[in-house]
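# Residue-level structure breakdown
Here is how the chains run, residue by residue.
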Amino acid sequence: MNSSFSFDILKRPRRNRRNAAIRSLLTETHLSPSQLVFPVFVKDGTSPSEDIASLPGIKRYNRADLLKECKTLLKLGVSALALFPVVDPALKDANGKESRNPDNLLNSISREIKQRFPEMVLIADVALDPYTTHGHDGILDANGDVANDPTVEALMSMATLQAEAGIDYVAPSDMMDGRIGAIRRALDAKDFSHTGIIAYSAKFASAFYGPFRDAIGSQRPPGSYLDKKTYQLNPPNPREAIRDALLDEEEGADSLMVKPAGLYLDIIAKLREKTNLPISAYQISGEYAQIHATAQRGWLNLEAARDESLIAIKRAGADFILTYFAKSYAESYSR
Ligand code: PBG
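What you see is a predicted model; the values in this text were computed from it and never measured. For every chain, the first residue of its written sequence is number 1, and the numbers climb from 1 along that sequence. Local features in this predicted model are restricted to residues of pLDDT 70 or higher, and side-chain atom pairs are both shown and tallied only at a pLDDT of 80 or more, whereas totals for entire chains, interfaces and linings draw on every residue. Hydrogens are left out, water is left out, and the side-chain values use all remaining heavy atoms of the structure.

## Observations regarding a nonpolar patch on the surface
The patch calculation keeps residues exceeding 30% relative accessible area without a salt bridge and links them within 9 Å when they carry like charges or within 5 Å when they are nonpolar (Val, Leu, Ile, Met, Phe, Trp, Tyr). Under the convention used here, a 1.4 Å probe and the Shrake-Rupley method define accessible areas, while residue burial counts only the protein chains that appear. The working definition used for a salt bridge is a side-chain nitrogen of Lys or Arg within 4 Å of a carboxyl oxygen of Asp or Glu. Residues Phe5, Phe7 and Ile9 make up a contiguous nonpolar surface patch of roughly 340 Å² in combined accessible area. Put simply, DSSP H or I for four residues or longer makes a helix, DSSP E for two residues or longer makes a strand, and each gets a number counted from the N terminus. Along the chain, Phe7 turns up in the segment before helix 1 (20-25).

What follows is the structure, encoded as structure tokens:
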């Protein structure tokens, strides 16, 4: 075939994709490191920071290393952390009492970070799972069910203590009913009206949380599956997710989160139509681990898959993204 041969095609979309400069000019969705939140695991004691087998490149930091990491992240343009404590099993009990200790690991490291790096935005999970022996996010009743209102009462004190420690946003992640309004009132009553709430509003009972549960040791035995279906959302239910999210908005949330992110892009897009609040999305541990595991086999390119997975979440309508890729994305971005 003669290469100068052409049909009478007037509209040729490929003109707008001819080279990198043109593609860059016409890019519709952008993601900068300032829109990312880095979830970090922190442990007590002075023993060295540990690798987490199921989360390649992610560590359980000791306090000193986490403080060092803050400096690096700020330089890279990542200025928000979601903090997760790795709680000493000896401090766990059925009611997660250690979560209400004003000087627990999370509260004391938050004070330290805020003192050294006041510009770092700190987000703290409000949920009992790192602190309970059974790994559930709540207090169990006599039948072994997660009891809603006693759990919410515990979350109110937990959140207030986090605010006292300097946390910018408390992030209730347990999907109990009425928790956002209850926490908002508890914060306001203690003069923490400036402390925000990022509500894990549409959090699904996902099978992809496994590596996170390894990281904080909330799953026993490791590798088993902890069923949280009486409180987290049923994966096939978009309407139920939107309903729950809009309740959180009415109760005073400052941002609504969708979690997991990549498997629930339809929920992000639908929620975008329904709310003017900032939407956050959590690319969870299993989403990150999947990409890494596939790349380790040489079956896809890590950086390209990372970037595509993140821009898809942004394109669906998220304003900011919690992702274990935050640091590596920022490293490539500034280069
Ligand atoms: C629970 C909580 C979970 C995550 C953050 N907070 C998982 C769970 O429900 O067990 C998961 C995050 C991830 O998988 O990266 N309060």
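Picking up after the structure, the text goes on.
## Some words on the packing of helix 8 (residues 265-274) against helix 10 (residues 302-316)
Here, axes are lines fitted to C-alpha atoms. For helices the fit covers the stretch in contact, and angles between N-to-C directions go from 0 to 180 degrees. Direction vectors running N to C along helix 8 and helix 10 enclose 30 degrees, while the axes themselves pass 8 Å from each other. Between helix 8 and helix 10, the angle is such that the two are roughly parallel. Taking contact as the criterion, the partners of Leu265, Ile268, Ala269 and Arg272 in helix 8 are, on helix 10, Ala312, Ile313 and Ala316. Within the contact of helix 8 with helix 10, the residues separate by chemical class into six nonpolar, no polar and one charged. Put simply, angles under 35 degrees are roughly parallel, angles over 145 are roughly antiparallel, angles from 65 to 115 are roughly perpendicular, and the rest are oblique. Note on definitions: a residue-residue contact is assigned when non-hydrogen atoms from the two residues lie within 4.5 Å. Only Asp, Glu, Lys and Arg are considered charged, only Ala, Val, Leu, Ile, Met, Phe, Trp, Tyr, Cys and Pro nonpolar, and every remaining residue, Gly among them, polar.

## Quick notes on unusual backbone geometry
Of note, the bond from Lys259 into Pro260 is cis; its omega dihedral lies within 30 degrees of zero at -10 degrees. Mapped onto the secondary structure, Pro260 falls in the loop between strand 10 (255-259) and helix 8. We note that Met175 has phi near 65 degrees; this positive angle belongs to a residue other than glycine. Along the chain, Met175 turns up in the loop between strand 8 (169-172) and helix 5 (179-189).

## Section: the site of the ligand
Put simply, a residue is near a molecule or strand once any heavy atom of it comes within 4 Å of that molecule or strand. Within the structure, the ligand sits among 17 residues, and Arg213, Gln232, Lys259, Ser285 and Tyr324 are positioned closest to it. Polar contacts here mean pairs of N or O atoms no more than 3.5 Å apart (in protein, one a potential hydrogen donor and the other a potential acceptor; neighbouring residues in sequence count only if both atoms are side-chain atoms). One of the side-chain N or O atoms of Lys228 is found 2.8 Å from an oxygen atom in the ligand. Between Ser285 and the ligand, the recorded distance is 2.7 Å, taken from a side-chain N or O atom to an oxygen atom. Calculation on the ligand without its partners gives an accessible area of 410 Å², and the protein chains cover 100% of this total. Grouping the amino acids of the shell around the ligand by side-chain chemistry returns seven nonpolar, three polar and seven charged.

## What about the side chain of Arg213?
Mapping Arg213 onto the fold places it in helix 6 (residues 210-216). Burial classification: accessible surface area is computed with a 1.4 Å probe over protein chains only, and a residue below 20% of its type maximum counts as buried, one above 50% as exposed, and the rest as partly exposed. We score Asp and Glu as negative and Lys and Arg as positive, and we do not count His or the chain ends. Here Arg213 is buried and forms no salt bridge, its nearest opposite-charge partner Asp129 lying at an N-O distance of 6.3 Å. Setting aside chain neighbours within four positions, we find Arg213 in contact with Ser218, Gln219, Tyr225, Leu226, Lys228 and Gln232.

## Describing the pattern of salt bridges
All told, the structure shown has 18 salt bridges when counted by the stated rule. Across the salt bridge formed by Arg60 and Glu50, the nearest N and O atoms sit 2.9 Å from each other. Taken together, the residues Arg60 in strand 3 (residues 59-62) and Glu50 in strand 2 (residues 50-51) connect sequence positions 10 residues apart. For the salt bridge of Lys228 with Asp137, the shortest nitrogen-to-oxygen distance reads 2.6 Å. Highlighted residues: Lys228 in the loop between helix 6 and helix 7 (238-250) and Asp137 in the loop between strand 5 (121-126) and strand 6 (139-140), separated in sequence by 91 residues. Both residues of the pair, Lys228 and Asp137, count as buried. Through salt bridges with shared partners, a single network forms among Lys43, Glu50 and Arg60.

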